[in-house]
Amino acid sequence: MGLLSLVEDRPTPKEVYNWRVYFCAATASMAACTIGYDSAFIGTTLALPSFASEFKFAEMSPSHLALLKQNIVSVYQAGAFFGSLFAYFTSYFLGRRKSLFLFSLIFIVGAGMMLGANGHRGLGLIIGGRVLAGFGIGGCSNMTPIYISELAPPAVRGRLVGLYELGWQIGGLVGFWINYGLSETLAPSHKQWIIPFAVQLIPAGLLLIGACFIPESPRWLFGKGKREEATKILCWMRQLEPDHLYIVEEISYITEEIDRYNNEVGAGFWKPFKALRDRKIQWRFLLGALLFVFQNGSGINAINYYSPTVFASLGITGTNTGFLTTGIFGVVKTALTCVWILFLIDHMGRRNLLMIGAAGGAFCMYFIAAYIKIAGAPKVAADGSSKLTPGGTAAIFFFYLWTAFYTPSWNGTPWVLNSEMFDVNTRSLGQANAAANNWFWNFIIARFTVNMFATMGYGVYLFFASLMVLSIAFVYFCVPETKSIPLEAMDRLFEVKPVRKAHKTVLDELKLQELEFRQNIEGLDLKEEKPIEERVESKV
């Protein structure tokens, strides 16, 4: 088996890899476009001279201005934290699809509030709107990965959940470039800075409309006892008849896992909390949380939200120059995310990507810290410009090299892992825990990044690099490989020790179960298929 081979858990008909599952995943991922856009545009919008002029930033003290900017950015993460937790409630009672509709509607209301802000009314509408928009985004960040993972065939689950990350990066790309384009084409004015706020409504509106047409998750429906509706949607999604062996087998795995959990824990809104008494479940919740601790500890959100501040620390000054450098950063991230989805996440697997990305990223951060320590603060001329030294140019190169290591590893892989590592009854609660941790640490980074750069200097980069080194040991000893493992086999995967051998052990067991299942149904009126060990995904 090659490093880049695509592994199936069982023989899979080519019809399963069809446009419908990609369409549903892409539609749900419009939520990620909204998240990515907001994380990128807000930092450069705050740096626009027209925004600073209208809200009289020049009249504020440096400490007050830093606090105000941090509050504008961080209230969004605070809202998202609570939205991601509330999504557990809506997911249980409304389902995945209706939850996406509800949270996109909440976001649209919040984004609309921001459009009412101006110099006369002050920043209250922006801050209040960002709290509400953050609440909507927090709910979407919980629902989208779950929805996609529950629709996806195991062999391409990472790729499909990866569409969520691709949407994040496409939104970020637009967010990084929009203020550069506006600063080049429009004179400083109210219109110049209000346009980026208005653009938020585009992906949110597309998600709101799309949520009316995509089906509910069949696994959620099975969990609610709606077997007939769930089977109909599953057959539509797989493009197979109800009596096809693949469908019969998949339904058997789903219902068996639901029955097992109902017998052990029981069904109900509060039952997943009861499951938290199980040390095995507690361990998975801890792993999910720590994945986002280390993701945010890489420094990515400090760069996303305060890219002008980060590039200024490397010697890049001037509004448009900073915007241009930030825009290139967005292009690199988006291009590498495409590589991650198409060639890496379902081929190299989750563990290898995380460890390689952390090792390379840490080296780059250490180099940048060493450069700033040796070169000191960048020298700025009277006109506000500065000239990069050869060492500064090298630091910029290593910054983009860090991006090349980080993006195909820690950027989206924690979302993939958290969407697939829980069973059907704790999946929504587990994803709520993961998303809440993501937004909590987002909030911490957004709230204190400016202060960190002001007080720690090059130490900020040493801090991020050291956390990336720690993450290597964490992944190696604690995180099992999940690629190609069915959602219903995750409990078994996390039982196998040592962790590094769990993936192969479970895949071997699944092949034996597959043979037993086929032997047990011999003679029934089902379409038989020849078993195969491994097959590359058919092109559609």
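All values reported here derive from a predicted model rather than from experimental measurement.

Parameters at a glance
- Residues numbered from 1 in each chain as written.
- Predicted model: local features only at pLDDT ≥ 70, side-chain atom pairs only at ≥ 80, totals over all residues.
- Heavy atoms only, no water.
- Helix = DSSP H or I, 4+ residues; strand = E, 2+ residues; numbered from the N terminus.
- Buried < 20%, exposed > 50% of the residue type's maximum accessible area, 1.4 Å probe, protein only.
- Contact = heavy atoms within 4.5 Å.
- Areas by Shrake-Rupley, 256 points an atom, 1.4 Å probe, with all protein chains shown as cover.
- pLDDT = per-residue confidence, 0-100.
- Salt bridge = Lys/Arg side-chain N within 4 Å of Asp/Glu carboxyl O.
- Patch = residues over 30% accessible without salt bridge, like charges linked within 9 Å, V, L, I, M, F, W, Y side chains within 5 Å.
- Axes fitted to C-alpha atoms, helices over the stretch in contact; angles between N-to-C directions.
- Parallel < 35°, antiparallel > 145°, perpendicular 65-115°, else oblique.
- Left-handed = near helix turned anticlockwise from the far one by under 90°.
- Nonpolar A, V, L, I, M, F, W, Y, C, P; charged D, E, K, R; others polar.
- Phe/Tyr/Trp six-rings, centres within 6.5 Å; stacked < 30°, edge-to-face > 60°.
- Core = buried A, V, L, I, M, F, W, Y, C linked by side-chain atoms within 4.5 Å.
- Polar contact = N/O pair within 3.5 Å; in protein donor to acceptor, adjacent residues only side chain to side chain.

**A closer look at the overall build of the chain**
Link 1 in the chain: Per the secondary structure count, the chain includes 24 helices and 0 strands.
Link 2 in the chain: For the chain, the residues scored as buried account for 59% of the 540 residues in total.
Link 3 in the chain: Nonlocal contacts in the chain, meaning residues at least 24 apart in sequence, comprise 82% of its contacts between residues at least 6 apart.
Link 4 in the chain: When the accessible surface of the chain is totalled, it reaches about 20900 Å², and 67% of it is carbon and sulfur.

**Concerning the confidence of the model for the chain**
Link 1 in the chain: When pLDDT is averaged across the chain, the result is 84; 87% of the residues are at 70 or more.
Link 2 in the chain: Within the chain, helix α5 (residues 96-114) carries the highest mean pLDDT (96), whereas helix α16 (residues 307-313) carries the lowest (63).
Link 3 in the chain: Scored below 50 in pLDDT, residues 1-5 shows 13 contacts in the model against residues more than four places distant or in partner chains.
Link 4 in the chain: Taken as a whole, residues 528-540 scores under 50 in pLDDT and shows 32 contacts with residues more than four places along the chain or in a different chain.

**Observations concerning the pattern of salt bridges**
Link 1 in the chain: Scanning all chains against the criterion turns up 14 salt bridges.
Link 2 in the chain: In this structure, the salt-bridge partner of E250 is R238, at a minimum N-O distance of 2.9 Å. Of this pair, E250 sits in helix α12 (residues 245-264) while R238 sits in helix α11 (residues 227-238), and the two are 12 residues apart along the sequence. A single burial state applies to E250 and to R238, both of which are buried.
Link 3 in the chain: The salt bridge involving D491 is made with R284; its shortest N-O contact spans 2.8 Å. Of this pair, D491 sits in helix α23 (residues 490-493) while R284 sits in helix α14 (residues 279-297); the two residues are 207 residues apart in sequence, bridging distant segments of the chain.

**Details of a nonpolar patch on the surface**
Link 1 in the chain: Where nonpolar side chains cluster on the molecular surface, the patch consists of F86, F89, F93 and L94 and spans about 360 Å² of accessible area.
Link 2 in the chain: Residue position: F89 is located in helix α4 (residues 62-94).
Link 3 in the chain: Judged by relative accessible area, which is 39%, F89 ranks as partly exposed.

**Section: helix α20 (residues 413-420)**
Link 1 in the chain: Buried residues dominate α20, accounting for 8 of its 8 residues.
Link 2 in the chain: Along α20, the residues classified as buried are T413, P414, W415, V416, L417, N418, S419 and E420.

**Things to note about the environment of F294**
Link 1 in the chain: Here F294 is to be found in helix α14.
Link 2 in the chain: Each C-alpha atom of the pair F294 and W410 lies 8.3 Å from the other, and the pair is 116 residues apart in sequence.

**Observations regarding the packing of α4 against helix α6 (residues 124-151)**
Link 1 in the chain: Contact geometry of α4 with α6 gives a least axis separation of 5 Å together with a crossing angle of 40 degrees. In terms of their interaxial angle, α4 and α6 are classed as oblique. Judged by the twist between their axes, the crossing of α4 over α6 is right-handed.
Link 2 in the chain: Across the contact of α4 with α6, the residue classes tally to 16 nonpolar, 9 polar and 1 charged.

**A few points about the packing of aromatic side chains**
Link 1 in the chain: According to the stated counting rule, one finds 37 aromatic pairs in the structure shown.
Link 2 in the chain: Centroid distance F51 to W193: 5.1 Å. Interplanar angle 90 degrees. Geometry classified as edge-to-face. Within this pair, whereas F51 is found in helix α3 (residues 49-54), its partner W193 is found in helix α8 (residues 190-199), the two being separated by 142 residues in sequence.
Link 3 in the chain: Overall, the relative accessible area of 0% leaves W193 in the buried class.
Link 4 in the chain: Ring centres of F399 and W402 lie 6.1 Å apart, and the angle between their planes is 25 degrees; this geometry places the pair in the stacked category. Of this pair, F399 and W402 both sit in helix α19 (residues 390-406), 3 residues apart, roughly one helical turn.

**Considering unusual backbone geometry**
Link 1 in the chain: With an omega of 0 degrees, the peptide bond between K497 and P498 qualifies as cis.
Link 2 in the chain: Examined against the element boundaries, P498 turns out to sit in the loop between α23 and α24 (502-520).
Link 3 in the chain: Backbone geometry places K56, a non-glycine residue, at a positive phi of 60 degrees.
Link 4 in the chain: Considering the arrangement of structural elements, one finds K56 in the loop between α3 and α4.
Link 5 in the chain: The phi torsion at S484 lies on the positive side, around 70 degrees, for a residue other than glycine.
Link 6 in the chain: The residue S484 is located in the loop between α22 (459-478) and α23 in this model.

**Observations concerning the nonpolar core**
Link 1 in the chain: By size, the foremost hydrophobic cluster in this structure holds 74 residues, and its most contacted members are F51, I126 and W193.
Link 2 in the chain: Leaving out residues up to four positions away in the same chain, I126 has contacts with F51, F55, I72, M114, A117, W193 and F197.

**Some thoughts on the side chain of R96**
Link 1 in the chain: Inspection of the secondary structure assignment puts R96 in helix α5.
Link 2 in the chain: Among the polar contacts made by the side chain of R96, one reaches the side chain of S91 at a distance of 2.4 Å.
Link 3 in the chain: Excluding anything up to four places from it in sequence, R96 contacts S91, M143, I146, Y147, E150, E216, S217, W220 and S428.

**Quick word on the packing of helix α21 (residues 427-456) against α22**
Each pair of packed helices can be summarised by the angle the axes make with each other and by the distance between the axes.
Link 1 in the chain: Closest axis-to-axis distance for the α21/α22 pair is 8 Å, and the angle between their directions is 125 degrees. Relative to α22, the element α21 is oriented oblique. Between α21 and α22, the residues in contact are I445, M452, F453 and M456 and G459, V460, Y461, F463 and F464, respectively.
Link 2 in the chain: Among the residues forming the contact of α21 with α22, the class breakdown is 8 nonpolar, 1 polar and no charged.

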